[in-house]
Amino acid sequence: MFVLNELIYDARVLKTANSLSVDYDVLLVGVWRRKFDFDQAAEQAKWPFRMRWIDLGRAGGLPRNLVGYGLRYATIFRKLRAVGIEFSPHFIHAHELAGLPIGRAIKQATGAALIYDAHELYRDMTDGAPWYWKIIA
């Protein structure tokens, strides 16, 4: 399972991983943004499944504009795909729309089944330009 956030604040995902860990070997991966200070070992100790964080490194400090977001996403994509291939899962549980292309890339590399968990109905959440809805579609 993976999310594109710090994961420790995502109660829904943590509860799902906890439930799945009864019958499966679960690795939950999140993104570590250095602005959030937390003890990774202490967080891991709270849960019966494995947790891992990918570090954005210098990409975390990029500006909050289209280029910065694109470069951050490319970094997350590359690192999460590598973790997925290393873990060699039977199932990939991709959360949110931004996680779907990453989950698909891991699926293609490993042959694992892909589960897409759409937390929101994006079309109903916000306004957007026509080009934005083409990307969402």
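Caption draft 1: Quick look at the pattern of salt bridges. This model, assessed by the stated rule, comprises 4 salt bridges. With a closest N to O distance of 2.8 Å, D25 and R50 form a salt bridge. On the criterion of sequence distance, the pair formed by D25 in the loop between helix 1 (11-20) and strand 1 (27-32) and R50 in strand 2 (residues 50-55) is long-range, its members being 25 residues apart. With a shortest N-O distance of 3.1 Å, E43 and K46 are connected by a salt bridge. We classify E43 as buried; its relative accessible area is 13%.

Caption draft 2: Representation of the nonpolar core. In this structure, F2, L4, V29, I54, I76, L80 and I102 are the most contacted members of the largest nonpolar core, which totals 15 residues. Put simply, the parts of the chain that give this core at least two residues each are strand 1, helix 3 (66-87), strand 3 (91-95) and helix 4 (96-110). Core analysis: the next-biggest nonpolar cluster, separate from the first, contains 13 residues, L14, A17, V26 and F38 among them.

Caption draft 3: Fine view of the packing of helix 3 against helix 4. At a minimum axis separation of 9 Å, helix 3 and helix 4 run at an interaxial angle of 35 degrees. Helix 3 and helix 4 meet at a crossing whose hand is right-handed. Across the interface between the two elements, Y73, I76, F77, L80, R81, G84 and I85 from helix 3 touch A98, P101, I102, A105, I106, A109 and T110 from helix 4. Its residues assigned to classes, the contact of helix 3 with helix 4 comprises 11 nonpolar, 2 polar and 1 charged.

Caption draft 4: Inspection of the side chain of T75 at higher detail. Within the secondary structure, T75 sits in helix 3. Residue T75 is classed as buried on the basis of its relative accessible area of 12%. Within the structure, the side chain of T75 is placed 3.0 Å from the backbone oxygen of L71, a separation counted as a polar contact.

Caption draft 5: Region of the structure containing helix 1. When helix 1 is considered as a whole, its buried residues turn out to be V13, L14 and A17. Along helix 1, the residues classed as buried sweep out an arc of 100 degrees about the axis, all on the same side. Exposed and oriented more than 90 degrees from the buried face of helix 1 are K15 and S19.

Caption draft 6: Geometry of the pairing of strand 4 (residues 113-117). Two strands pair when backbone bridges link them, and strand 3 and strand 4 are joined in this way by 5 bridges, in the parallel orientation. Across the sheet, F91 pairs through a bridge with A113, a residue of strand 4. Read from strand 3 through helix 4 to strand 4, the crossover connection turns out right-handed.

Caption draft 7: Summary view of unusual backbone geometry. The phi dihedral of L7 is positive, around 65 degrees, even though this residue is not glycine. In this structure, L7 sits in the segment before helix 1. When its relative accessible area of 0% is taken as the criterion, L7 is described as buried.

What counts and what doesn't
Residues numbered from 1 in each chain as written. Predicted model: local features only at pLDDT ≥ 70, side-chain atom pairs only at ≥ 80, totals over all residues. Heavy atoms only, no water. Salt bridge = Lys/Arg side-chain N within 4 Å of Asp/Glu carboxyl O. Helix = DSSP H or I, 4+ residues; strand = E, 2+ residues; numbered from the N terminus. Buried < 20%, exposed > 50% of the residue type's maximum accessible area, 1.4 Å probe, protein only. Core = buried A, V, L, I, M, F, W, Y, C linked by side-chain atoms within 4.5 Å. Axes fitted to C-alpha atoms, helices over the stretch in contact; angles between N-to-C directions. Left-handed = near helix turned anticlockwise from the far one by under 90°. Contact = heavy atoms within 4.5 Å. Nonpolar A, V, L, I, M, F, W, Y, C, P; charged D, E, K, R; others polar. Polar contact = N/O pair within 3.5 Å; in protein donor to acceptor, adjacent residues only side chain to side chain. Arc of directions from axis to C-beta. Pairing = 2+ DSSP bridges. Right-handed = clockwise from strand over helix to strand, strands pointing away.

By themselves, these figures tell us nothing about what the structure is for.
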